[in-house]
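What follows is each chain in one-letter form.
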Amino acid sequence: MPLPPYGRLQSLLALCALCANVCSISLRADGSTLGFSLEPILNPDGSMWGMSREDFMKHFGAYGFRWVSSAKRETALVRHEAICLLSLSVAEAYVTFADAGLKEVSVLFYSRGDSGNIPQDEFENMVKVVIEKLTEWTGDRPSTVVEPLKTAGVSKDARVWTTKGAQFKLEWSVSTGRRVGDFSGVRPEYLRLKCQPPDSAQDYRSAIKSVTASRTSAVSLSAVKRNVTTGTNDDVFISNFPMVDQGRKGYCAAAVTERVMRYYGRELDQHEMAQLAGTSAQQGTDPRNMLQTLRLLGTVFGCKVMVHEEFTVNNFLRLVEKYNREAKERKLEEIKLGNEIDVTAVFRKMDTEVLRFVRTKNQVDVKNFM
């Protein structure tokens, strides 16, 4: 992953030296520089809560934070090899703002999609080290929390630390059984740390309270309706949709699901979704696994999943068959399919008017689509 636009690590450190009052440098045991420390942003005394967007970027913009959506400025993200926390390397970190200012900080130490597969023992040691450092840093003994979102082949764990000014939740997960695919044994998925004010409605110490807070934060029907507007040219626009950065991995479906869930007030991370749906960083997500996972999430988050239009091989073959009958009547070239089918190439080869006629001939299909 490339460093921010202003250059290499040396440039970053030079810039940080000019802003020594706000930037923190972390050193390895051998005295070499590790990079920008996130500790000032996750301070256990809680001094960062309520910080405005402008003040945050003034103090921490040099770290490489950028707005995921420059229009909304709801979430700022940093993702490069020069950031760390408690002298530990960090894959990415992001901060979330509300009208009242900074409300949550999330740090990803490891994710399968970003960093690739690692051995189980290496992952377990990583978890152990992070727990030890957080215990020392916060001065609080961790408590175990039972995670509510579980299914076959998914093992999730969490520890919580509470201080006077913040609450910290360390979450990690591994996959087992059929979910690991070609990977041998147990496959580590992610290790992340979340931090919120201690009086947040989403009490990290209680899984029940966390789920309840997630459900009660759901967007009302009236608010959803207000988000939908129609332009003068009949274009329909949905506003207030949260933006998610999937990074350089095939998590497009997982990231979109996170966006939709967050739009309706449900807290779901793309890494959780990728694990549940068996998403590959290289090949993406199988639609059948995606649908099955969405139905599972509907049960957990108290929402309903409905399938309006489904693209299957049989449906596609029937469409080609109908198209060829109409094309033959109009004395146009028919579509010939081989053993391997390039769907995009087939649609490009079809006559637009014939395809439109075939797709709209059955009014029941049109009604279902609309």
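Think of each chain on its own: its residues are numbered from 1, step by step along the sequence as written. Two thresholds apply to this predicted model, a pLDDT of at least 70 for residue-level local features and 80 or more for giving and counting side-chain atom pairs, whereas whole-chain, interface and lining totals are computed over all residues. In computing side-chain values, all of the structure's heavy atoms are included and hydrogens and water are not.

## Details of the pattern of salt bridges
A pairing counts as a salt bridge when a side-chain nitrogen of Lys or Arg comes within 4 Å of a carboxyl oxygen of Asp or Glu. One pass over the full model with this rule turns up 19 salt bridges. Of the charged contacts, one joins Glu54 and Arg73 as a salt bridge, the two residues approaching to 2.8 Å between their closest N and O atoms. In this pair, Glu54 is assigned in helix α2 (residues 53-60) and Arg73 in the loop between β3 (66-67) and β4 (75-78), connecting sequence segments 19 residues apart. The shortest N-O distance in the salt bridge between Lys349 and Glu333 comes to 3.4 Å. Remark: Glu333 occurs in the loop between α10 (313-329) and α11 (343-349) and Lys349 occurs in helix α11; sequence separation between them is 16 residues. Burial status follows relative accessibility: with a 1.4 Å probe on protein chains alone, a residue under 20% of its type maximum counts as buried, one over 50% as exposed, and anything between as partly exposed. Here Glu333 falls in the exposed class, since its relative accessible area comes to 56%. One continuous salt-bridge network, built from bridges that share partners, spans Lys156, Lys169, Glu171, Arg192, Asp269 and Glu272. Here a helix means four or more residues in a row that DSSP labels H or I, a strand means two or more in a row labelled E, and each is numbered from the N terminus.

## A few points about empty space enclosed by the protein
Using only the protein atoms, space was sampled on a 1 Å grid; points where a 1.4 Å probe fits but cannot get out form cavities, open sets with protein on both sides within 12 Å along at least five of seven lines form pockets, and lining residues are those with an atom within 4 Å of a point. Grid points are joined across faces, edges and corners, and a volume is the space filled by probe spheres set on the points. Scanning the model with the defined rule gives three cavities of 30 Å³ or more in all. Taken as a whole, the largest cavity holds about 130 Å³ of empty space. Counting only elements with at least two residues in the lining of the largest cavity, the list comes to β4, β7 (92-98), α7 (252-263) and α8 (270-277).

## A short note on the nonpolar core
The biggest cluster of nonpolar side chains holds 42 residues, and the ones touching the most others in it are Leu38, Ile41, Leu42, Phe65, Val107, Phe109 and Leu170. Among the secondary structure elements, those contributing two or more residues to this core are α2, β4, β5 (83-85), β7, β8 (101-111), α4 (120-138), β11 (167-175) and β12 (187-196). Counting residues in each nonpolar core, the second largest holds 15 residues, with Met261, Met273, Ala277 and Val300 among its members. Buried Ala, Val, Leu, Ile, Met, Phe, Trp, Tyr and Cys residues form a nonpolar core when they are joined through side-chain atoms within 4.5 Å.

## With respect to the packing of α7 against α8
Helix-helix packing is characterised by the crossing angle of the two axes and by the distance between the axes. With axes taken as lines fitted to C-alpha atoms, and helix axes fitted only over the stretch in contact, angles between N-to-C directions fall between 0 and 180 degrees. Here α7 crosses α8 at 125°, and the two axes come no closer than 8 Å. Between α7 and α8, the crossing angle belongs to the class labelled oblique. Two packed elements cross with a definite hand, and for α7 against α8 that hand is right-handed. From α7, Ala254, Ala255, Thr257 and Glu258 reach across to α8, where they touch Gln270, Met273 and Ala274. Should an angle fall under 35 degrees it is taken as roughly parallel, and over 145 as roughly antiparallel, whereas 65 to 115 is taken as roughly perpendicular and any remaining angle as oblique. Two helices that cross are described as forming a left-handed crossing if the nearer one is turned anticlockwise from the farther one by less than a right angle, and a right-handed crossing if clockwise. It only takes one pair of heavy atoms within 4.5 Å for two residues to be counted as in contact.

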